[in-house]
Amino acid sequence: MTGADANKREECALVASINSIQGYWTEQFERSGVKYQAAPTKFFRGAVNTACGGATSDVGPFYCPADADVYIDLDFFKELKTRFGAQGGSFVEAYVLAHEYGHHVQNLLGINSKVNPRQTGPTSGAVRLELQADCYAGVWANHATTVPTPSGKPLIQEISDDDIRRAVDAAGRIGDDYIQAKLGGGHVDESKFTHGSSAQREKWFTTGLRTGNPNACNTFDPKVSLG
Ligand SMILES: [Zn+2]
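Residues numbered from 1 in each chain as written. Predicted model: local features only at pLDDT ≥ 70, side-chain atom pairs only at ≥ 80, totals over all residues. Heavy atoms only, no water.

1. Quick word on unusual backbone geometry
Alright, step 1. Of note in this structure, Ala68 is not a glycine but carries a positive phi near 55 degrees.
Alright, step 2. By secondary structure assignment, the location of Ala68 is in the loop between strand E4 (62-64) and strand E5 (69-73). (Helix = DSSP H or I, 4+ residues; strand = E, 2+ residues; numbered from the N terminus.)

Encoded structure:
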């Protein structure tokens, strides 16, 4: 296989994941009588201009609510390959895409507006938003491993515990917080910005994966234990 073939195969895998993720949410929205508006995925290297401001590769993949586009930094994916190897990287890429589309779903459902970007800390809205996006990624992963594609087989054959650990590791390095901080008008002390912990992210991804039910992703319920 040539390098060009490998790149092509890789792109096809990304497109297959994106189509599966948006196909899944289209069906879910239809069930509740709401139209899902598809979000384009914009791939970039180096730097990109968005309605949320300019971003560089330091930011990694992110979702911009203002233009409703998912921005995927291809250098970040390349780094994942270096870190995890081609095999280990493929589910992680799918997870990152599903997490970012989870933010798009939150935007369509108006969940973003529950978040005060100036609030930080372990039970802040920003953390609840991240954990819910992880859970939504898990819900899609349930779908992708159980529902056959037209080929007759599910898109993803199996998700191992290692896959989940790698995905959570990658999740800690994606750039949503940066964008949320920018949306807050620059008044956020980024050093105080709290991600969910790895254990929390794993818990919520797994909740989505086990249940396959977006309603189980109730991270904004004040009575729920975030983990
Ligand atoms: Zn996020």
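2. Details of the state of the cysteines
Alright, step 1. If you walk through the whole model with that rule in mind, you get 2 disulfides.
Alright, step 2. Each sulfur in the disulfide pair Cys52 and Cys64 lies 2.1 Å from the other. Handedness of the Cys52-Cys64 disulfide follows from its S-S torsion of about 95 degrees: it is right-handed. Here the residue Cys52 occupies a position in the loop between strand E2 (47-50) and strand E3 (53-56), and Cys64 occupies one in strand E4, the gap between them amounting to 12 residues. For the pair formed by Cys52 and Cys64, the shared burial category is buried.
Alright, step 3. Covalently, Cys135 is tied to Cys217 through a disulfide, its sulfur atoms 2.1 Å apart. Taking the torsion about the sulfur-sulfur bond, which here is approximately -75 degrees, the covalent link between Cys135 and Cys217 counts as left-handed. Of the two residues, Cys135 is situated in helix H3 (residues 125-146) and Cys217 in the segment after helix H6 (198-211); the sequence distance between them amounts to 82 residues. Each of the two residues, Cys135 as well as Cys217, counts as buried.
Alright, step 4. Indicated for the chain is the disulfide connectivity 1-2, 3-4, based on numbering the bonded cysteines in sequence order. (Disulfide = S-S within 2.5 Å. Buried < 20%, exposed > 50% of the residue type's maximum accessible area, 1.4 Å probe, protein only.)

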